[in-house]
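# Remarks on the overall topology
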Amino acid sequence: MATNQSKTMPTDSQTHTPTHLPALWAVALLVALLLSALNLWFGELNQDEGWYLYSARLIADGQRPFVDFASTQGPVMSYVYALLWAPLQSFGLAGGRLVTTLMGWTAALLAARLAWRLGGEKGIDKGTAALLTFTLIGVNIYHAYFTTVVKTYALGSLLVVGAFLALTADATSRPRRGWTALAGLLLALAAGTRASLVMLLPLVFFWLLWASYCQRRPAAPWSFAAGAGITMLLIFLPFLLAAPQALWFGMVEYHAGRETGGLVTTLVYKAAFLLRTVRAYFVGVALLTTALLVRAGRGDCKTVPLRGTTVPLLVLAVGVVTLVHLLAPVPYDDYQAIIFPLFAVVAAIGATRALGRSARLPLVVLLLALLAAFSSPRCQDLFAAPRDRIWWPMRTQSPLAQLRDTAAILHDGAGAEGLILTQDTYLAVEAGLAVPAGMEMGPFCYYPDWPRERAEACHVLNREMLTELLATTPAEVAAFSEYGLSIASPSIQPVPDDEVARLRALLATRYAPTATIPAFGQAQTGLTLYKLNHVPYNGR
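Residues numbered from 1 in each chain as written. Predicted model: local features only at pLDDT ≥ 70, side-chain atom pairs only at ≥ 80, totals over all residues. Heavy atoms only, no water.

It is worth spelling out the overall build of the protein chain at this point. A count of helical and extended segments in the protein chain gives 24 helices and 6 strands. Since a compact globule built from 540 residues should have a radius of gyration of about 24 Å, the 25 Å found for the protein chain is in line with a globular shape. On the principal axes, the C-alpha backbone points of the protein chain span a range of 100 × 55 × 50 Å. The contacts in the protein chain between residues at least 6 apart in sequence include a share of 73% that link residues at least 24 apart. If you sum the accessible surface of the protein chain, you get close to 23,400 Å²; carbon and sulfur atoms cover 65% of it. Each charge class in the protein chain was averaged separately, 39 positive and 32 negative side chains, and the resulting centres sit 15 Å apart. (Helix = DSSP H or I, 4+ residues; strand = E, 2+ residues; numbered from the N terminus. Rg over C-alpha atoms; globule rule 2.2 N^0.38 Å. Contact = heavy atoms within 4.5 Å. Areas by Shrake-Rupley, 256 points an atom, 1.4 Å probe, with all protein chains shown as cover. Lys, Arg positive; Asp, Glu negative; His and termini not counted. Charge placed at Lys NZ, Arg CZ, Asp CG, Glu CD.)

Counted at 1.5 Å a residue, the expected span for helix α24 (residues 497-510) with its 14 residues is 20 Å, and the 21 Å between its end C-alpha atoms agrees. Among the residues of α24, those classed as buried are Glu499, Leu503, Leu506, Leu507 and Arg510. All buried residues of α24 lie within an arc of 100° about the axis, which places them on one face of the element. Residues Asp497 and Asp498 are exposed on α24 and point more than 90 degrees away from its buried face. Looking at the buried residues of α24, the elements they touch are β1 (420-422), α23 (463-472), β2 (477-481), β5 (511-520) and β6 (525-532). (Expected span 1.5 Å × (residues − 1). Buried < 20%, exposed > 50% of the residue type's maximum accessible area, 1.4 Å probe, protein only. Arc of directions from axis to C-beta.)

This part covers the pairing of β2. Counting buried positions over the 5 residues of β2 gives 5, a clear majority of the element. Where burial is concerned, the two faces of β2 agree: the one with Val477, Ala479 and Ser481 and the one with Ala478 and Phe480 are both buried. Two strands pair when backbone bridges link them, and β1 and β2 are joined in this way by 3 bridges, in the parallel orientation. Looking at β2, one finds that threonine 422 is bridged to alanine 479. In terms of strand pairing, β2 meets β6 through 5 bridges, oriented antiparallel. The residue bridging valine 477 from the neighbouring strand is lysine 531, located in β6. (Pairing = 2+ DSSP bridges.)

Take the sheet that holds β6 next. Strand order across the open sheet formed by 4 strands is β1-β2-β6-β5, with mixed pairing between neighbours. Every other strand in the sheet has two partners, leaving β1 and β5 as the edge strands with one partner each. Neighbour to neighbour, the strand axes of the sheet diverge by 20° on average, direction disregarded. Of the strands in this sheet, β1, β2, β5 and β6 touch α24, which is tilted by about 125° from β5. (Axes fitted to C-alpha atoms, helices over the stretch in contact; angles between N-to-C directions.)

Relative to the elements of secondary structure, serine 71 occurs in the loop between α4 (47-60) and α5 (76-84). Among the polar contacts listed, one links the side chain of serine 71 to the backbone oxygen of glutamine 73, at a separation of 3.1 Å. Leaving out residues up to four positions away in the same chain, serine 71 has contacts with Pro65, Phe66 and Gly250. (Polar contact = N/O pair within 3.5 Å; in protein donor to acceptor, adjacent residues only side chain to side chain.)

Moving on: the nonpolar core. Of all hydrophobic cores here, the largest spans 178 residues; its most connected members are Tyr81, Val160, Phe164, Leu342, Leu421 and Val460. Apart from the residues within four sequence positions on either side, tyrosine 81 is in contact with Leu53, Ala56, Ala86, Gly96, Val99, Thr100, Met103, Val150 and Lys151. (Core = buried A, V, L, I, M, F, W, Y, C linked by side-chain atoms within 4.5 Å.)

With that out of the way, let us pick up the confidence of the model for the protein chain. Per-residue pLDDT for the protein chain has a mean of 90; in total, 90% of the residues score no lower than 70. Within the model, the stretch residues 1-15 combines pLDDT values under 50 with 7 contacts to residues more than four positions away or in other chains. Here residues 303-307 is modelled with pLDDT under 50, and outside its nearest four sequence neighbours on either side it reaches 11 contacts, counting other chains as well. (pLDDT = per-residue confidence, 0-100.)

With that out of the way, let us pick up the packing of helix α7 (residues 126-138) against helix α17 (residues 340-355). At a minimum axis separation of 8 Å, α7 and α17 run at an interaxial angle of 140°. If you check the angle between α7 and α17, you find them oblique. Crossing geometry of α7 relative to α17 is assigned as right-handed. The segment α7 lies against α17, with Thr128, Ala129, Leu132, Thr133, Leu136 and Ile137 engaging Phe340, Pro341, Ala344, Val345, Ala347, Ala348, Ile349, Ala351 and Thr352. Across the contact of α7 with α17, the residue classes break down as 12 nonpolar, 3 polar and no charged. (Parallel < 35°, antiparallel > 145°, perpendicular 65-115°, else oblique. Left-handed = near helix turned anticlockwise from the far one by under 90°. Nonpolar A, V, L, I, M, F, W, Y, C, P; charged D, E, K, R; others polar.)

Our next topic: the packing of aromatic side chains. One pass over the full model with this rule turns up 23 aromatic pairs. On the numbers, 4.5 Å between centres and 45° between planes, the contact of tyrosine 447 with tryptophan 450 is tilted. Using a relative accessible area of 0% as the deciding quantity, one classes tyrosine 447 as buried. Ring geometry for phenylalanine 480 versus tyrosine 530: centroids 6.5 Å apart, planes at 70°, classification edge-to-face. (Phe/Tyr/Trp six-rings, centres within 6.5 Å; stacked < 30°, edge-to-face > 60°.)

Structure follows, in structure tokens:
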């Protein structure tokens, strides 16, 4: 009898939280805080930050996405930032990054809570699973950057993790319909934040349907469908009725219109996406791989029960969203930041189940995460300027400080109009200035070959409209980096050299350069500041 109990009862190391976990939690939290602070002040500027915050300002001023200005994602993020960031506009981009960081931290802590809950469901050490989850997310300089800069990832991942917490809120007894309805609402909000997350809605619905009818578990799929469906209607129906063409363009056409240059190039892009993702999240991938190999070596890979567990659903969710990202014409590895918290939960639970007898597991993972974070090239990029032959010069200013100083110059010269001619929208945000209508999308506002009617309906500029704008805008100041007047949408291809020369020559007929900054903003390109010379354009 004693022998049978030793085989069936969990060991102490499996059921009790190791005594050193609080100290490891303290280290993980402090390092995560350091990485967030470094990325907030020293992290490279990103063009997305400009138009996301600018759209939030427009909404705070009473305008609507798709109806009054172009947008390439659902409206949820812009409205959330209009609520949370607009009161902090005086802090500029730093205020937007602070709001984003708080969302990213909340997502990481909720993911740890989800791992703790699911760990108890699977009978493993909940404390270890929670710590591993937070370590994988928080002690990762790559993830810290992309959930600090103003992008959809922090808010999107927060909503996704919140939805799965709602799904498991009553995992120990009969699930309540209110929780599944809340999960549907949160996933619909996530889809309204980033389009790629919309595939989670049918996935979760059919999972709940299968659990309800095939496993005879009360999973309440219809309350999930009601919560999701009503929320999706509330998010998108007003814009569908008011601006259907602009909504279709922003949510579908913009993302599908990029050109890659052929099959071979496309395959190379997709392979590079996978390899860069593994590099960015190497510790998490290595941890999950190790857990799978250990379990395969024990021959217990088929012992994970599907009944009563949400972990397989998390695996499917990560896989589906990753596949959607992989199918994009040009997939970027940072897309995965929005789904990584769920991956971290899966990796942490898998590792705790396979390796949980080792009290050193959390310490080893934390040490690996620290080594990966501080040996990353991103750590060097926080302080080093672009390489000069064999030298690595140090930055003389942080990107945020440089943005503030440049924006102050532009603000002082803008005059009563409060207008700036630029495609570097974060300059307008930081300076508290407006950009001309049609330029809200920054570098991606130029659709040279579109007919005027379509461009106006989608709130972008075609060749004729951009020419008119450069010739007539009353903006007293202008600023163009090497992103400006150089990208043709929707293919996202370089504007031909002769076209760039024509646009730059037109700019020079009305604006005189006043300063040049050799390394500015995203990718450290050159930035030229201009002042209106009030010489009328003669049309030649």
